[in-house]
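What follows is the residue order along each chain.
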Amino acid sequence: MKSDVVIVGAGIAGLSLAWTLASRGKSVVVLERGAIAKGASVRNFGMVWPVGHPLGEMRKLALRSREIWLDVARETELWVRECGAMTLAYEEIEIQVLAEFLEQADQDPGVGTLISAGEVLRRNPHVKSKGLLGAMTSETELCVDPRVTVGQLASALAKRGVPIHFNTLVGRVEPGVAIAADGQRWEADQIIVCATPDSHQLVPEANGLEKLRRCDLHMMRLAPKSSLWPVMSTHLCAGLTLGHYANFRSCPSLDALKVFHAEKWPSQTKYGIHVLVSQHGDGSLTVGDSHTYGDDSSPYLQAEIESSILEALDEFLDTSGFEVRERWIGTYSTSPGQFYAWMPVAEGVHALNLFGTGMTLSFGVAERIADELG
Ligand SMILES: Cc1cc2nc3c(=O)[nH]c(=O)nc-3n(C[C@H](O)[C@H](O)[C@H](O)COP(=O)(O)OP(=O)(O)OC[C@H]3O[C@@H](n4cnc5c(N)ncnc54)[C@H](O)[C@@H]3O)c2cc1C
């Protein structure tokens, strides 16, 4: 039977789009090659992170997406925590960059506030006090648990009559049809490929796809050692993160900060490490990450990357109540200066790529796409 839309890929990109289109009355079918989704959407921090997006249009989109996440959570009973975030500073140059960023954000008072070291420790006694100068707080961040969210969303969609066909590897897409490896044909007016970082295998002709680079990230899950676990209260990160997110790029002192960090953190700089920490409903911490670019990255987890992440973590967080329980690699594709790409491939065929902030932007982008498709 022909449907309005066939979506390839049951990660957050495919599922948020399926949710939005189905809510508007479209008939949608989702095809997923795995028995469950195992891509970036289940390997991330679960951070819905508006503060990492540049002021203006991208921040607005991230905030809209956050609003929809909360609506969807209410409707589906997904676990979501309105936790906010703290960006900790242990160096004067880090405080300087944060102050410059907040000055630029002056017109948008919701972006953040600088607080003292004493106030940081009052909010989170597990933050390390030695050398702490203060932090930028932000109230807009959410935490979801990627391990359960995608599965729960898939179940909620199935209950709403959106079929998700697992174990269905799509081998080819053409206008009006997605053809599975077993030859089964799935016909629709619109075919949308949400299969990153492997979309190019299906749609190599998509605009700009050849410019994409794969990025591998080393991640860890730290489990609490006892049932009375230390509570983090917010997402946490520190100075190294300032060199990573686009929102800080217009800060005049950023170049000086990068030079400073390259000297202070040589191994972390080599592996593109900045450390983020999120805490989920079972008390466990998701900690990462490193950034290794290119198709020829190693399939093996490297001990040096892990020890460099833990070294940077040790500057700002007392993790004595936790132990490393799991390690994994997550992969996304990147494209310089882009936050997402909605790419026409052929008549009625598109590819959607959410790059490195898809948990944040997914529902906002899905809404934009649904508006465009009408
Ligand atoms: C380590 C890591 C941490 C991150 N942390 C955050 C964060 O905290 N906050 C944030 O906003 N973003 C974060 N991101 C980014 C975010 O996770 C991604 O942008 C998002 O998950 C991408 O979703 P997706 O559905 O496009 O991809 P995926 O989740 O990878 O889903 C693609 C799906 O397509 C399927 N597929 C592929 N090819 C085929 C085929 N031929 N036929 C059928 N199915 C196919 C795959 O099996 C897969 O399930 C992180 C990413 C990583 C890797």
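Fair warning: this is a prediction, and the values are worked out from it, not measured in the lab.

Enquirer: Sorry if this is basic, but what is going on with the overall build of the chain here?
Expert: Along its length, the chain carries 10 helices and 20 strands. For 374 residues, the compact-globule estimate of 2.2 N^0.38 gives 21 Å, and the C-alpha radius of gyration of the chain, at 21 Å, lies within 12% of that figure. The C-alpha extent of the chain, read off along each of the three principal axes, is 65 × 45 × 40 Å. For the chain, buried positions account for 56% of its 374 residues. A sequence separation of at least 24 residues applies to 76% of the contacts in the chain between residues at least 6 apart. Looking at the chain, you have 33 positive and 45 negative side-chain charges, and the mean spots of the two groups are 4 Å apart.

Enquirer: Would you take a moment to explain the pairing of strand S13 (residues 213-224) for this structure?
Expert: For a regular strand, the rule is simple: side chains alternate between the two faces of the sheet. For S13, the buried fraction is high: 10 of the 12 residues fall into the buried class. As defined by bridge partners, S13 adjoins strand S18 (residues 322-334) across 12 bridges and the pair is classed as antiparallel. Bridge assignment links Ala-223 to a residue of S18, and that residue is Glu-323. As paired elements, S13 and strand S17 (residues 292-293) share two bridges and run antiparallel to each other. Looking at S17, one finds that Cys-215 is bridged to Tyr-293. Relative to strand S16 (residues 285-288), S13 runs antiparallel, the two being bridged by four bridges. Residue pairing for S16: Leu-222 is matched across the bridge by Leu-285.

Enquirer: What should I look at first to understand the sheet that holds strand S8 (residues 142-144) in this one?
Expert: Here three strands make up an open sheet; going across it, the order is S3-S8-S4 and the pairing antiparallel. The strands lining the two open edges of the sheet, one partner per strand, are strand S3 (47-48) and strand S4 (80-82). Sheet topology places S4 next to S8; three bridges connect them, and they run antiparallel. Residue pairing across strands places Glu-82 opposite Leu-142, the latter belonging to S8.

Enquirer: Explanation requested: the site of the ligand in the structure shown.
Expert: Every one of the 36 residues lining the ligand counts as a neighbour, but Glu-32, Ser-41, Met-47, Phe-355 and Thr-360 are closest to it. The contact in question runs from an oxygen atom of the ligand to an N or O atom on the side chain of Glu-32, over 2.6 Å. A distance of 3.1 Å separates an oxygen atom of the ligand from a polar backbone atom of Ala-40. In the complex, the protein chains occlude 96% of the 1000 Å² of accessible area that the ligand would expose alone. Residue composition of the shell around the ligand, by class: 19 nonpolar, 14 polar and three charged. Structurally, the shell around the ligand is a two-domain feature, drawing no fewer than three residues from each of domain 1 (1-82 + 142-212 + 335-374) and domain 2 (85-139 + 213-334).

Enquirer: I keep staring at the nonpolar core and nothing clicks. Help me out?
Expert: A general feature of soluble globular proteins is that nonpolar side chains tend to end up buried together. In terms of nonpolar packing, the biggest core is built from 47 residues, with Ile-7, Leu-17, Trp-69 and Leu-352 touching the most fellow members. The dominant element in this core, judged by the number of residues it contributes, is helix H2 (residues 57-76), at eight residues. Leaving out residues up to four positions away in the same chain, Leu-352 has contacts with Ala-13, Leu-17, Val-193, Cys-194, Thr-196, Tyr-340, Ala-341, Trp-342, Val-365 and Ile-369. Counting residues in each nonpolar core, the second largest holds 29 residues, with Leu-88, Leu-132, Ala-135 and Ala-238 among its members.

Enquirer: Please explain the pairing of strand S10 (residues 170-174) as it appears in this structure.
Expert: With four bridges connecting them, S10 and strand S11 (residues 177-180) associate as antiparallel partners. By the bridge assignment for S11, Glu-174 is matched with Val-177. The hairpin formed by S10 and S11 contains two residues between the paired strands, and Gly-176 there has a positive phi angle of roughly 85°.

Enquirer: Can you walk me through the packing of helix H1 (residues 12-23) against helix H5 (residues 146-159) in this structure?
Expert: In helix packing, the relevant descriptors are the interaxial angle and the interaxial distance, both defined with respect to the helix axes. At their nearest, the axes of H1 and H5 sit 10 Å apart, and the two run at 30° to each other. Relative to H5, the element H1 is oriented roughly parallel. Read as a crossing pair, H1 and H5 show a hand that is left-handed. Residue-level contacts link Ile-12, Leu-15, Ala-18 and Trp-19 of H1 to Val-150, Leu-153, Ala-154, Ala-156 and Leu-157 of H5.

Enquirer: Looking at this structure, how should I read the domain arrangement of the chain?
Expert: For an interface, size is often stated in terms of accessible area lost upon the parts coming together. Split by domain assignment, the chain resolves into domain 1 (1-82 + 142-212 + 335-374) and domain 2 (85-139 + 213-334). Listed as interface residues are 34 residues of domain 1 and, on the opposing side, 38 residues of domain 2. Summed over both partners, the interface of domain 1 with domain 2 buries about 2800 Å², with 59% contributed by carbon and sulfur atoms. Here Arg-221 and Asp-145 are joined by a salt bridge, their closest N and O atoms 3.5 Å apart. Listing elements by their share of the side of domain 1 that touches domain 2, those giving two or more residues are S3, H2, S8 and H5. In terms of residue class, the side of domain 1 that touches domain 2 is built from 18 nonpolar, eight polar and eight charged.

Enquirer: Would you mind going over the pattern of salt bridges with me for this structure?
Expert: It is possible for side chains bearing opposite charge to pair when their charged atoms get close. Scanning the entire structure with this criterion turns up 20 salt bridges. For Glu-306, the salt bridge goes to Arg-327, with nearest N and O atoms at 2.7 Å. Taken together, the residues span a long stretch of sequence, with Glu-306 in helix H9 (residues 303-316) and Arg-327 in strand S18 at a distance of 21 residues.

Thresholds applied
- Residues numbered from 1 in each chain as written.
- Predicted model: local features only at pLDDT ≥ 70, side-chain atom pairs only at ≥ 80, totals over all residues.
- Heavy atoms only, no water.
- Helix = DSSP H or I, 4+ residues; strand = E, 2+ residues; numbered from the N terminus.
- Rg over C-alpha atoms; globule rule 2.2 N^0.38 Å.
- Buried < 20%, exposed > 50% of the residue type's maximum accessible area, 1.4 Å probe, protein only.
- Contact = heavy atoms within 4.5 Å.
- Lys, Arg positive; Asp, Glu negative; His and termini not counted.
- Charge placed at Lys NZ, Arg CZ, Asp CG, Glu CD.
- Pairing = 2+ DSSP bridges.
- Near = heavy atom within 4 Å.
- Polar contact = N/O pair within 3.5 Å; in protein donor to acceptor, adjacent residues only side chain to side chain.
- Areas by Shrake-Rupley, 256 points an atom, 1.4 Å probe, with all protein chains shown as cover.
- Nonpolar A, V, L, I, M, F, W, Y, C, P; charged D, E, K, R; others polar.
- Domains from an automatic or database assignment.
- Core = buried A, V, L, I, M, F, W, Y, C linked by side-chain atoms within 4.5 Å.
- Axes fitted to C-alpha atoms, helices over the stretch in contact; angles between N-to-C directions.
- Parallel < 35°, antiparallel > 145°, perpendicular 65-115°, else oblique.
- Left-handed = near helix turned anticlockwise from the far one by under 90°.
- Buried area = accessible area lost by both parts, 1.4 Å probe.
- Salt bridge = Lys/Arg side-chain N within 4 Å of Asp/Glu carboxyl O.

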